[in-house]
Structures are given as structure tokens and as C-alpha cells.
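Residue strings, one per chain:
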Amino acid sequence: MMKKFTCITAALLLLAGCSSKDRVIEIQSEEDLSGLTIAFASGSYYHDMYGSRKDIGIFAVNAEADCVQALQQGKADVFVTDEIALPKPELERLHLKRAFQGKENFKVAFALRKGMDELRAQLDSFIVSAPLEQIIAHWTEGTPLPEEPYYEITPGAAPLKCISCSNIAPISFVADGGAWIGMDPDILRWFAHSIGRPFEMNYIDMGAAMIALQKGQADIVSGCIFITDERTKSVDFSLPYYQCHPGYFVRDHGNKHRITLGERFKMNLVTENRWKLIADGLLETLKITLMAILLGTLLGFVVCQGRRSRHGWARYLAGLYGDFINGIPTLVLLLIMFYVVFAKSGLGASMIAVVTFSLCFASSAGSIFDTAISSVPPGQTEAGLSLGFTPFRTFTDIVFPQAVSKGLPLYIGECINLLKSTSIVGYIAIQDITRASDIIRSRTFDALIPLLVVTVLYFVVAWLIQVLLNLLLKKH
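Residues numbered from 1 in each chain as written. Predicted model: local features only at pLDDT ≥ 70, side-chain atom pairs only at ≥ 80, totals over all residues. Heavy atoms only, no water.

**Some details on the packing of aromatic side chains**
Selection criterion: Paired rings are identified among Phe, Tyr and Trp, the last through its six-membered ring, by centres lying within 6.5 Å, and are further divided according to the angle between planes into stacked (under 30 degrees), edge-to-face (over 60) and tilted (the rest). Going along the chain from the N terminus, every DSSP run of H or I of four or more residues is numbered as a helix, and every run of E of two or more is numbered as a strand. With a 1.4 Å probe rolled over the protein chains alone, any residue whose accessible area is under 20% of its type maximum counts as buried; one over 50% counts as exposed, and the rest are partly exposed.
Applying the stated rule across the entire model yields 16 aromatic pairs. Relative to Phe249, the ring of Phe79 has its centre 6.1 Å away and its plane inclined at 35°; by these criteria the two rings are tilted. Linking Phe79 in strand E3 (residues 78–82) with Phe249 in strand E13 (residues 246–251), this pair joins segments that are 170 residues apart in sequence. Owing to a relative accessible area of 1%, Phe79 belongs among the buried residues under this scheme. Each residue in the set Tyr45, Tyr46, Phe106 and Phe226 is aromatic and connected to the rest through ring pairs, giving one cluster.

**Structural notes on the pattern of salt bridges**
The condition is simple: The working definition used for a salt bridge is a side-chain nitrogen of Lys or Arg within 4 Å of a carboxyl oxygen of Asp or Glu.
Tallying each qualifying case throughout the model produces 15 salt bridges. Taking the shortest distance from any N to any O, the salt bridge between Lys114 and Asp236 comes out at 3.0 Å. Placement of Lys114 in the loop between strand E5 (106–112) and helix H5 (117–129) and of Asp236 in strand E11 (residues 236–237) is noted, with a sequence separation of 122 residues between them. The partner of Arg197 in a salt bridge is Asp219, and the shortest N-O contact between them spans 3.4 Å. Note that Arg197 is positioned in the loop between helix H7 (183–194) and strand E9 (199–203) and Asp219 in the loop between helix H8 (206–214) and strand E10 (220–226), a separation of 22 residues in sequence. Overall, Asp219 belongs to the buried group, its relative accessible area being 12%. Several salt bridges converge on common partners, so that one network encompasses Glu90, Arg93, Glu272, Arg274 and Arg443.

**Thoughts on the confidence of the model for the protein chain**
Under the convention used in this document: A residue's pLDDT is the predictor's confidence in that residue, given on a scale from 0 to 100. Contact definition: two residues touch when any of their heavy atoms are within 4.5 Å.
Scored by pLDDT, the protein chain comes out at a mean of 86, with 94% of its residues at no less than 70. Element-level pLDDT for the protein chain is lowest in helix H1 (residues 2–22), with a mean of 45, against a maximum mean of 95 in H5. Within the model, pLDDT remains below 50 along residues 1–19, and this stretch shows zero contacts once partners closer than five positions in the same chain are excluded.

**Re the environment of Lys406**
Tracing the chain through its elements places Lys406 in helix H15 (residues 391–421). What makes Lys406 partly exposed here is its relative accessible area of 44%. As for Lys406 and Tyr150, which are separated by 256 residues in sequence, their C-alpha atoms are 65 Å apart. If we ignore the near neighbours within four places in the chain, the residues touching Lys406 are Ser375, Val376 and Pro377.

**Some words on the sheet that holds E13**
Heads up, the rule is: Two strands qualify as a pair provided that DSSP identifies no fewer than 2 bridges between them. The axes used here are C-alpha line fits, helices contributing only the stretch in contact, and every angle between their N-to-C directions lies in the interval 0 to 180 degrees.
One open sheet holds the five strands; their spatial order is E2-E1-E3-E13-E4, and the pairing between them is mixed. With partners counted over all chains shown, the strands left at the sheet margins are strand E2 (57–61) and strand E4 (96–101), one partner each. In this sheet, neighbouring strand axes are inclined to one another by 30° on average, regardless of whether the strands run parallel or antiparallel. Summarising the sheet, strand E1 (residues 37–41) and E3 pair through two bridges and their orientation is parallel. Considered in E3, the bridge of Ala39 is made with Phe79. Each of E1, E2, E3, E4 and E13 touches helix H3 (residues 64–72); the most contacted strand, E3, lies at about 155° to it.

**Quick look at the packing of helix H6 (residues 132–141) against H7**
Our working rule: Put simply, angles under 35 degrees are roughly parallel, angles over 145 are roughly antiparallel, angles from 65 to 115 are roughly perpendicular, and the rest are oblique. Crossings are assigned a handedness: left-handed for a near helix turned anticlockwise from the far helix by less than a right angle, right-handed for a clockwise turn. Three classes are used, and their members are as follows: Ala, Val, Leu, Ile, Met, Phe, Trp, Tyr, Cys and Pro are nonpolar, Asp, Glu, Lys and Arg are charged, and the others, Gly among them, are polar.
Closest axis-to-axis distance for the H6/H7 pair is 9 Å, and the angle between their directions is 150°. Between H6 and H7, the angle falls in the class roughly antiparallel. Handedness of the H6/H7 crossing: right-handed. For the pair H6 and H7, contact is made by Leu132, Ile135, Ile136 and Trp139 and by Met183, Asp186, Ile187 and Trp190, respectively. Looking at the contact of H6 with H7, its residues break down into seven nonpolar, no polar and one charged.

**Considerations on the nonpolar core**
The cut-off we apply is this: Here, nonpolar core refers to any group of buried Ala, Val, Leu, Ile, Met, Phe, Trp, Tyr and Cys residues whose side-chain atoms link them within 4.5 Å.
Ranked by internal contacts, the top residues of the largest apolar core, which has 135 residues, are Val78, Leu86, Ile187, Ile220, Val221 and Tyr241. In terms of residues, this core owes the most to one element, helix H13 (residues 349–374), which gives 10 residues. Each residue touching Ile220, except ones within four places of it in the same chain, is listed here: Phe110, Ala111, Leu112, Leu119, Leu123, Leu160, Lys161, Cys162, Ile163, Leu188, Phe191 and Leu213.

**Observations concerning a nonpolar patch on the surface**
Selection rule: Within this analysis, patches are made of residues with over 30% relative accessible area and no salt bridge. Like charges are joined at 9 Å or less; nonpolar side chains (Val, Leu, Ile, Met, Phe, Trp, Tyr) at 5 Å or less. Note on areas: Shrake-Rupley with a 1.4 Å probe; residue coverage comes only from the protein chains shown.
A cluster of nonpolar side chains, namely Leu261, Phe265, Leu448, Leu452, Val456, Phe459, Val460, Trp463, Leu464, Leu468 and Leu471, defines an oily patch on the protein surface of about 1000 Å² accessible area. Secondary structure elements with two or more residues in the nonpolar patch: helix H9 (261–270) and helix H17 (448–475). Here the nonpolar patch gets nine residues from one element, more than from any other, and that element is H17. Counting through the fold element by element, Trp463 comes out in helix H17.

**Quick notes on unusual backbone geometry**
Backbone torsion omega between Ala169 and Pro170 reads 0°, so that peptide bond is classified as cis. Among the structural elements, Pro170 can be located in the loop between strand E6 (160–164) and strand E7 (173–175). Residues other than glycine seldom take positive phi values, yet Cys224 does so here, at roughly 55°. Secondary-structure assignment places Cys224 in strand E10. In this structure Cys224 comes out as buried when scored by relative accessible area, which is 5%. Its identity as a non-glycine residue notwithstanding, Asn273 has a phi of 55°, on the positive side. On the secondary structure map, Asn273 appears in the loop between H9 and helix H10 (275–307).

**Quick notes on the side chain of His95**
The residue His95 is located in the loop between helix H4 (88–94) and E4 in this model. Residue His95 is classed as buried on the basis of its relative accessible area of 19%. Those residues in contact with His95 that sit more than four places away from it in its chain are Arg251, Asp252, Asn255, Lys256, His257 and Arg258.

**Notes on helix H12 (residues 330–341)**
Burial in H12 covers these residues: Leu333, Leu334, Met337, Phe338 and Tyr339. Taken together, the buried residues of H12 touch H8, helix H11 (312–326) and H13.

Rendered as C-alpha cells:
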């Protein structure tokens, strides 16, 4: 009887899961949302709008791509974002449709750090005089893009550092292997050139973007940002350049089109040279990993010396350092280093990441070195000294080789852990291999292919590190 009941329960749960994904959602206004699960980007105005409602389910994630996938997989019933997001061809490909347009009308502007009055005045003047309506119409309605006037870039001028907290067409997205295009990038590119400055853009989620702006890591934040009273307390806004309504999107069960696996590979890697994003991200990951291993190894020897010092204060400091590093998540330490310690240092994000990972690696490496050296019997040192070797030569010729053979497996493991830890550098706007896959996924809304490629690359790099270090041991 119990077995039969269990089978029936499992069947009902399976049917419930299927019905949740296949259920046809028919909504025409905000009043119809009660009882449904709503997906939206964390930190957006829609989070404030629906986050406190008790009659609906909440699915808040960092990026719009995650919202779209939640909708496709049945984890959410409705996705709310700006009405201009997801053009019609994208909706058809994703088997989605816009259910209705919200009643509210929001003014959209660019965010600037408080105190940057000159830059804000220049931007306001540009918004008034430039053909923004034609630029916006190009991306929302497909009309011709006006030709950008000739602007002379001032030699040696600092680039206008912009952050987009939206990575979705047609607002702002990456194309042609790394170039930012869309409504916001085009406007800001024209503006940067009009004041004689090169243009730079990066992508961070809303919450981190506003912090980066306040800490001086960026000049302007874009991404169809609504002007709200709460936001004006921490940042300044330009004049509005667009007015936007909320758009409510649901699954389109009438669309039966399917794409093949080969088409998915082409879409994620070949179209717009998206493979270049992966290649550039891989180089960035390798650069950070190798530099952090080298610097962390050197610092690890210092930590090891502190652990083995005759002075109690040195042993205490080395132990305190290890406890401190081990007690803090690497991501938290990375954010502290980026937004607090080196916020106004002018040091690039990549170098901040190298320093952070070196400090973490040094703690582990120092412990490994100490354990490996301690595992060599004291008689080995005594034998070397009795043969007339100096203490230094005794260590380098007798103790160190034995310690390396015993500690290398753990050292290799820490190197691989460091490689995997670098996947968090996207939080400080570094386009590593993981962030590259996120950018591609945000453009194609396909999780399988980008994540599969990244998984294979991480595995190959980890395997190569292990092989090279083992070969080094055998050679020496």
C-alpha cells in the first residue's frame, strides 16, 4: 500500500512539474499577476516594485538572461523588464511573447557620480543637441542609423569609462567578438567622442555598478536606468533621454520552431565572432592564474619562514595571517580589495585580482611548504651538516628536494583551486572565461553551449598545469 502511495505521489509531483512548465499563462494587466511567479533582475526598479508583494512568487536573479531561462524552464511564469527588451525576432527564437505593456511610464537617464558637475553638464548638452531619437529608433524600430559626425579625439585623453548594467538587445549588448553596441553604447560613444575622449564600456550588474560608480571605478552607468527618489540620494542623473514602460513576457506555446545542436554551436561561437570572447577570456584567466601562482609562491616562502621562525612574534603573525585568509571567502576579499583598499589607487582590476589571489595562495602555499619541510626527518639535516655542508646547502641539496617530492601533489591541487577561483573575477568587471560565457549566454539565452565550452577549457587548463608541474619534478 505504501509503495503504491509513493508511486502515485511521485507521479503527481512529476505531472505538477510538467504542468508548471507547460501551463498557458494568459494575463492582460498587473491585476492578473496574483498567484504567479515573477522573474526580474535584482537591483532593478521591478525588484522594488514586486519584491514586497505577498500574493506572488519572486524569482530575482542578477541578469535578464537568467530570467529568460527561468521562464523557458517553467521556474517562473512571467518575466518583467523594460518594454524595448527582446525584439520580435528574439522573442520568436526564444518561444516567448509580450503579454502586455505596463501602465507606468518611466524616465530613463544615465547615472553619474555626485560631484561630477562638469561631465553632467556636457552630457546634458549632448542629450539636448544630438539626434538621440534617430539612434533610439534605429535600435527599437530598425530605421537607418544616423552617421556620426567627425570628432577629434584629444591625444592622451583619459577614456570615458562606462558601465552597462544591462546586457540585452537592443539596450546594450556585445557583438563582433567584443564590441559593445546598442542604444546606450551608441549614445555614450558619440558623447565620449564629442568631448574628445576615447570610449570604454564594461558590464556589471546593477548593485555592483552603482558601487563602482561611487568609488570612482567608472564615469557613467547606463542600462535603461529609471530615475527614482532613492537613487538620486546616492548618484546624479543626466537629463532623461527616453521614456519606457514595463513589459511583461510569457512563454509562447504556439511557437513550435526548434533549432538543431549544430545551429546552437554556430549561434554561440561563430555568429558575430563570439569565439573571440572565449579566447580573450581564456587569455585573461591564464594571465591572472599564472601571475598569482608566481607571486603567491614567493609570498608563500615568506609565510613558511614566518611559521618556522625562532621568534614567537613571527610565528604568531604567520599563523594570524593564515587564519585571517582562511576565514574570509575569496569573493568577499576580492570585493574589499577592489572597492575599498585599492578603490582610488588607479590600479587595474586585473592587477587587483592578481594581488588578491596571490595573498590567498600564499597562505595555502606557506602551509604546504611548512608541512613538506617538517616531513623530512631531522637526521637528513644532521647528516648534511656532518658531511661539511653549510646550512644553506644542506637545505637546498638535501632537504628541499625531498620536501618538494612530498609537497608537490598538494601544491598542484592548490594551483588548480586557484585556477577555478578566478571564475569570480567577473564581479569586478574583468572579462575572464566565465564572464565571457555569461556575456554570450546573455546574448543567445542558451546556457548549454557556453557553459560546456568553458567546462572543457577549465578541465584542459587544469590538466596541463598538473602535467607541467609533474614534468618539472621529474626533470629536476
